[in-house]
Amino acid sequence: MKRIVLPILSLLMLSCGDDPLPKPKGYLRLEYPKAVYKKATVPLPFSFEKNELSDPIKFVKSTADIKGIDVNYPSLKATIYLTYKEVKDGNLEKLLRDAQNLTQKHTMKADEIAQGEFVNTEKQVYGMFYEIGGDAASQSQFYVTDSTNHFLSGSLYFYAKPNYDSIYPASEYLKKDIKRIMESVQWKNE
């Protein structure tokens, strides 16, 4: 009798209860303030609009051929690095190749690289926007030029180890700021 009762009792005990289910992954719900754009005043041969959420631009890094500024977002732990170079002596092709090669360096970690062409014939601003998906170091990169005098490139970097899921909300927010920079660039012809 014990031989029959014990196995039946064991089966009843094991069959009781719900099957364990894994908990779904939880993500932070991050909300950022509505972007307010204002013209950045910088001593460079171009102007643009930047989000007021970013820090004021304090100084311009300058060498003989390159000028650079950082648009810092401390609350998002990110920076958009802008680099300006003058187009001269037929160097436009090299500048374009360098900007495209910088983006292609991320292919080892990127899941995808989507590109979008930018054209504003009225302001003479032509360029390309690259959105990099995956755990790459930079999530967005771009360049704009007037094809004759000016070339501006930019890259977005976060102060954290690249984890696409974690930085995605901030990356999407800053992608709009980058597009606004591209749209608002105005060349200063001296």
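The notes below deal with the structure included here. Quick caveat, the model's predicted, so the values are computed rather than measured. (Residues numbered from 1 in each chain as written. Predicted model: local features only at pLDDT ≥ 70, side-chain atom pairs only at ≥ 80, totals over all residues. Heavy atoms only, no water.)

Of the strand pairs in this sheet, strand S4 (residues 66-73) and strand S5 (residues 78-86) are connected by eight bridges, and their pairing is antiparallel. Looking at S5, one finds that Tyr-73 is bridged to Ala-78. Adjacent in sequence and paired antiparallel, S4 and S5 are bridged by four residues, among which Lys-77 carries a positive phi angle near 55 degrees. Where S5 and strand S9 (residues 150-158) come together, nine bridges link them in antiparallel fashion. Bridge pairing links Thr-83 to Ser-153 in S9. (Pairing = 2+ DSSP bridges. Helix = DSSP H or I, 4+ residues; strand = E, 2+ residues; numbered from the N terminus.)

Here we take up the sheet that holds strand S2 (residues 46-51). The strand order across the open sheet built from three strands is S1-S2-S10, with neighbouring strands paired in antiparallel fashion. Every interior strand has two partners, whereas the edge strands, strand S1 (37-40) and strand S10 (186-187), have only one. Sheet topology note: the S2/S10 ladder contains two bridges and is antiparallel. For Phe-46, the partnering residue across the bridge sits in S10 and is Trp-187. Sitting on the sheet, helix H3 (residues 164-184) is in contact with S1, S2 and S10, with an inclination near 155 degrees to S2. (Contact = heavy atoms within 4.5 Å. Axes fitted to C-alpha atoms, helices over the stretch in contact; angles between N-to-C directions.)

Next up on the list: the packing of aromatic side chains. Here the structure, examined in full by the defined rule, presents seven aromatic pairs. Both rings, one in Tyr-130 and one in Tyr-143, keep their centres 6.4 Å apart while their planes meet at 40 degrees; by these two values the pair is tilted. Of the two residues, Tyr-130 is situated in strand S7 (residues 125-134) and Tyr-143 in strand S8 (residues 138-145); the sequence distance between them amounts to 13 residues. For Tyr-130, a relative accessible area of 4% translates into the label buried. One aromatic cluster is present, built from ring pairs that chain together Phe-46, Phe-48, Tyr-84 and Trp-187. (Phe/Tyr/Trp six-rings, centres within 6.5 Å; stacked < 30°, edge-to-face > 60°. Buried < 20%, exposed > 50% of the residue type's maximum accessible area, 1.4 Å probe, protein only.)

Under the defined criterion, the tally for this structure stands at seven salt bridges. Among the salt bridges present, the one from Lys-61 reaches Asp-70, with a minimum N-O distance of 2.8 Å. For the salt bridge of Glu-131 with Lys-175, the shortest nitrogen-to-oxygen distance reads 3.0 Å. Taken together, the residues span a long stretch of sequence, with Glu-131 in strand S7 and Lys-175 in helix H3 at a distance of 44 residues. You can call Lys-175 buried: its relative accessible area is 13%. One salt-bridge network, held together by shared partners, links Glu-131, Glu-172 and Lys-175. (Salt bridge = Lys/Arg side-chain N within 4 Å of Asp/Glu carboxyl O.)

Below, the discussion takes up a nonpolar patch on the surface. Residues Ile-4, Val-5 and Ile-8 make up a contiguous nonpolar surface patch of roughly 280 Å² in combined accessible area. Note that Val-5 resides in helix H1 (residues 2-15). (Patch = residues over 30% accessible without salt bridge, like charges linked within 9 Å, V, L, I, M, F, W, Y side chains within 5 Å. Areas by Shrake-Rupley, 256 points an atom, 1.4 Å probe, with all protein chains shown as cover.)

Taking 1.5 Å of rise per residue, 21 residues should cover 30 Å, and H3 covers 28 Å from first to last C-alpha, within 8% of that figure. Along its length, H3 shows its largest kink, about 35 degrees, at Ala-170. Within the sequence span of H3, burial applies to Ile-167, Ala-170, Ser-171, Tyr-173, Leu-174, Lys-175, Asp-177, Ile-178, Ile-181, Met-182 and Ser-184. (Expected span 1.5 Å × (residues − 1). Bend = angle between axes of the 7 residues up to and from the residue.)

Approximately 360 Å³ is the volume attributed to the largest pocket. As for the largest pocket, its lining consists of 18 residues, of which Asp-65, Tyr-84, Lys-85, Glu-86 and Lys-88 are closest to the centre. When residues of the lining of the largest pocket are traced back to their parent elements, those giving at least two are S4, S5 and helix H2 (92-104). A breakdown of the residues in the lining of the largest pocket according to their chemical character gives five nonpolar, four polar and nine charged. (1 Å grid on protein atoms, 1.4 Å probe; cavity = no way out; pocket = protein on both sides within 12 Å on 5 of 7 lines; lining within 4 Å. Points joined across faces, edges and corners; volume = space filled by probe spheres on them. Nonpolar A, V, L, I, M, F, W, Y, C, P; charged D, E, K, R; others polar.)

This part is about the environment of Asp-65. Within the secondary structure, Asp-65 sits in the loop between strand S3 (61-62) and S4. For the pair Asp-65 and Glu-86, spaced 21 residues apart in the sequence, the C-alpha separation amounts to 7.1 Å. Look past the residues within four positions of Asp-65 in its chain and what remains in contact with it is Tyr-84, Lys-85, Glu-86 and Lys-88.

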